[in-house]
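Secondary and tertiary structure notes
Residues per chain, in single letters:
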Amino acid sequence: MEKFSVTGMSCAACAARVEKAVSKVKGVTSCTVNLLTNSMAVEGNASESSITSAVKKAGYSAKIIGTKKQQAQSAASAEEQKKLLEDSETEHLKKRLACSAVFLCALMYFSMGHTMWNWPLPQFFQGNPAANGILQLLLASAILFINRKFFISGTKSLFHGAPNMDTLVALGSGASFAYSLAVLFIMTDALAKGNGTDAQAYLHGLYFESAAMIVTLITVGKLLESVSKGKTTSALKGLLNLAPESATVIRNGTETVIPADEILIGDIFIVKPGEKIPADGTVIEGESSVNESALTGESIPSDKSRGSTVTSATLNINGFLKCKAEKVGQDTTLSQIIQLVSDSAATKAPIAKTADKVSGIFVPSVVVIAAASFLAWILAGAEFSFALSRAISVLVISCPCALGLATPVAIMVANGIGAKNGILFKTSAALEETGRIKTVALDKTGTVTKGEPEVTDIVPADGISERELLQAAVSLEAKSEHPLAKAVVSFNQEKQIISKAEFLQIENFTSLPGNGLSGTSGGTVLFGGSVKFIGEKCSLGAIKETAAAISSEGKTPLLFCSGNRLLGLIAVADVIKEDSPAAIEDLQSMGINTVLITGDNEQTAQAIGKKAGVKSIISEVLPDGKEQAVSQLKASGKTAMVGDGINDAPALTAADVGIAIGAGSDIAIDAADIVLMKNSLRDVPAAIRLSRKTLQNIRENLFWAFFYNIAGIPLAAGAYYHAFGWSLNPMFAAAAMSLSSFCVVTNSLRLNFFNPHKLTEKNKKQKEAGMAATEKIISVEGLKCSHCEAHVKEALEKIKGVEEASASHEKGEVVLKLSKEVDEKKLRAAVEKAGYKFIG
């Protein structure tokens with residue numbers, strides 16, 4: 001993707017024109033223009049010169065920001081991006097408005113003050129309509145010259161066959177000025193003939209103040225819009241400002257302070273308390289706590305010691321760290337986050353397509369309506385000035401900008417909120433699609449669970465102490481590389497129960513794949529392994545029942561014996577993350593079906609699913625079978641797949657939305673549409689909430705933009721004049737137009753106050769209803785697969801009172817969550833209508 005900065009655009013019609021022109025260039029596969037950031041993203045193999053030439057022919061200017069290759073080679077793109085986001089327009093608009101206001105106050109005094117409020121005029125102007133008219137002409141000319149940008153841009157775009165908002169303003173204001181100039185000439189002619197009474201009457205027919213007021217009020221709107229647009233990019237600016245300016249590196253044994261963008265891979269750098277970490281790397285010396293909230297949204301500092309990874313732009317709190325740089329420049333996590341947020345803003349959401357189509361034909365349509373309005377009133381016998389006022393009102397009230405900004409402003413703000421919370425949407429389409437999710441499929445290992453086995457239970461045999469059991473187990477397992485063995489060793493290291501000096505000397509160590517371990521200590525053979533394996537070596541007694549109970553909970557029992565004497569049992573399990581049950585409950589309270597997909601046997605899967613709160617479970621799925629399972633789930637609605645982004649890549653790609661969790665510094669996961677920086681499942685419902693809120697905001701913006709134009713244009717044209725006596729002065733039309741875009745942008749800025757981790761009132765009520773709901777299990781015959789489950793689920797959930805239906809084709813049953821008692825006849829009818837047999 002290549003990015004260009006585009007200058008000269010003033011409204012959505014301009015953006016549509018540029019997009020259309022570049023899309024026609026040979027070799028361009030896609031083109032997206034962002035009016036908010038005045039940028040353009042182009043994909044394909046077209047040359048830079050052909051793209052900029054197409055933009056120039058359309059009446060605008062374009063300059064390349066930087067290709068991915070250039071971005072990878074230097075940090076210049078970040079600086080260019082900062083310049084692109086710099087708000088240089090606001091100051092210019094303030095000066096323009098201040099100058100316009102000074103001249104406008106004088107103009108309004110002479111044009112309306114003395115006639116409406118009897119304000120006194122200087123002696124020279126009393127009874128001298130020509131002098132008054134000429135002064136109004138001069139003052140209005142000064143204001144139009146100050147705001148000449150409307151006329152230059154509007155005329156250029158008109159000559160290029162692509163009229164824009166500036167064209168409408170120029171036509172409206174220009175028509176008022178031209179009409180007034182004509183009246184002024186007629187007035188002087190009346191004076192020349194000695195007809196002072198008629199000349200004084202003509203003074204009331206001047207519209208110089210309307211011409212000046214129109215461009216001034218539009219400038220007010222542009223200023224408000226510019227200030228608001230500047231706030232929408234504050235999150236991206238904040239990310240750009242996170243980058244540290246300097247780094248302290250050790251070169252030739254000497255500490256040297258250099259600019260952070262000059263640090264190289266392999267450099268050794270030091271970070272003192274209160275300093276930002278300049279590059280991604282690994283700690284080789286020292287201990288400290290690091291605040292990573294700027295990148296992950298996690299407020300609790302992370303402890304760092306030798307071997308820990310550190311991330312650029314995070315803050316060292318209280319210790320000294322010496323680190324080795326591994327990722328620098330545009331490869332750092334911060335740079336990748338900035339790139340993702342920027343790229344996402346450069347893409348277009350599908351919901352914006354309707355507005356884009358309307359924007360493309362909006363201005364020509366308005367010009368036609370204005371002309372038709374003028375002719376209609378002339379033919380109806382209205383005065384020329386009245387008909388002209390109606391046409392001018394139509395021109396200046398129409399606002400294509402509101403349509404063009406409705407979607408990109410909300411998308412930009414939402415991307416910023418997501419980035420602050422460690423939720424990165426790769427495209428605008430992903431942000432939109434997430435809000436329509438009906439089912440979330442969850443990979444078990446590393447997603448719902450921690451992904452690392454932990455010791456959960458220690459059960460010594462009769463006559464054996466816990467310490468004696470652990471001493472034998474740790475001594476034996478320390479020789480193994482198996483993940484379960486590492487869990488036992490890690491448990492001992494953490495608890496510091498058996499010191500290394502107390503380890504038994506193990507000889508003749510043997511690993512028996514599928515069974516366990518063996519080794520000799522002091523002439524006695526020690527064994528460790530499965531229930532079956534140890535059962536062949538010694539009598540298990542009551543431990544066998546304990547092992548069976550532990551297995552039913554989804555844990556793995558490891559038994560140990562010394563010779564033919566049983567030492568006891570240590571249970572190991574992939575423990576559920578602390579926040580997984582709450583996250584799954586959040587999803588269900590939002591009306592989203594949750595499904596656990598795992599390769600574990602059904603007993604283990606059911607145990608994990610029960611603890612996590614997942615109702616639907618697909619077990620014994622091979623890695624390549626996850627993709628098929630997700631495809632089947634998609635039959636019942638939009639489906640998201642949550643996984644680690646590596647071994648779950650096919651399933652993430654197959655889903656409507658792929659979510660990679662716990663990405664950490666590896667955020668460029670190709671298979672994922674959404675990347676979650678933290679290893680917390682709570683960010684999944686947060687991402688969906690943010691998407692839903694953004695969609696709601698975009699709909700509000702589009703409604704306002706369409707409603708404003710649909711209601712305003714007929715009013716301006718005088719459509720309600722005969723029925724209600726309603727007409728709209730061009731100055732009020734300009735005021736309305738100036739506020740329309742401001743309203744859209746301001747409404748989008750409300751998103752900044754939205755907390756994606758906070759339950760909405762609706763979700764709270766659904767959660768409370770879920771807690772109060774009763775459960776009923778019904779048996780159904782004919783369920784063969786997950787597609788059947790989805791079919792019967794959909795049929796039952798249509799019944800009033802059925803809050804949720806979770807079907808299992810393995811068990812041949814459906815678990816119903818009811819908010820009230822439901823007649824069994826209704827349940828039977830729904831099941832049989834779906835094509836299955838209701839048992840009871």
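Reading the values: the criteria
- Residues numbered from 1 in each chain as written.
- Predicted model: local features only at pLDDT ≥ 70, side-chain atom pairs only at ≥ 80, totals over all residues.
- Heavy atoms only, no water.
- Helix = DSSP H or I, 4+ residues; strand = E, 2+ residues; numbered from the N terminus.
- Rg over C-alpha atoms; globule rule 2.2 N^0.38 Å.
- Contact = heavy atoms within 4.5 Å.
- Areas by Shrake-Rupley, 256 points an atom, 1.4 Å probe, with all protein chains shown as cover.
- Lys, Arg positive; Asp, Glu negative; His and termini not counted.
- Charge placed at Lys NZ, Arg CZ, Asp CG, Glu CD.
- Buried < 20%, exposed > 50% of the residue type's maximum accessible area, 1.4 Å probe, protein only.
- Expected span 1.5 Å × (residues − 1).
- Salt bridge = Lys/Arg side-chain N within 4 Å of Asp/Glu carboxyl O.

With respect to the overall build of the protein chain
Each helix and strand in the protein chain was counted, giving 33 helices and 30 strands. Against the 2.2 N^0.38 benchmark of 28 Å for 840 residues, the protein chain shows a C-alpha radius of gyration of 36 Å, more extended than a compact globule. Reported as C-alpha extents along the three principal axes, the dimensions of the protein chain are approximately 135 × 85 × 50 Å. In the protein chain, once contacts between residues fewer than 6 apart in sequence are set aside, the share between residues at least 24 apart is 69%. Carbon together with sulfur atoms contributes 55% to the accessible area of the protein chain, which is approximately 37300 Å² in total. In the protein chain, the 83 positive side-chain charges and the 82 negative ones have mean positions that sit 6 Å from each other.

Remarks on the environment of Ser385
Considering the arrangement of structural elements, one finds Ser385 in helix α15 (residues 384–397). You can call Ser385 buried: its relative accessible area is 16%. With 180 residues separating them in the primary sequence, Ser385 and Gly205 have C-alpha atoms 7.7 Å apart. Leaving out residues up to four positions away in the same chain, Ser385 has contacts with Tyr179 and Tyr207.

Regarding helix α21 (residues 483–495)
Look at α21: 18 Å from first C-alpha to last across 13 residues, which is about the 18 Å you get at 1.5 Å a residue. All of the buried residues in α21 are Leu484, Ala485, Ala487, Val488, Val489, Phe491 and Asn492. Of the surrounding elements, those touching the buried residues of α21 are β16 (449–460), α20 (466–477), β20 (556–562) and β21 (565–576). Looking at the residues trailing α21, positive phi occurs at Gln496, about 55 degrees.

Here's the deal with the pattern of salt bridges
A complete count under the given rule lists 20 salt bridges for this structure. Among the ionic pairs, Arg436 bridges to Glu432, the shortest N-O distance being 2.7 Å. Under the relative-accessibility criterion, Glu432 is labelled buried at 6%.

Re the environment of Leu35
As for its placement among the helices and strands, Leu35 is situated in the loop between β2 (28–34) and β3 (39–44). Along the backbone, Leu35 and Ala58 are 23 residues apart, and their C-alpha atoms lie at a distance of 16 Å.

Remember, this is a structural readout, not a statement about activity or role.
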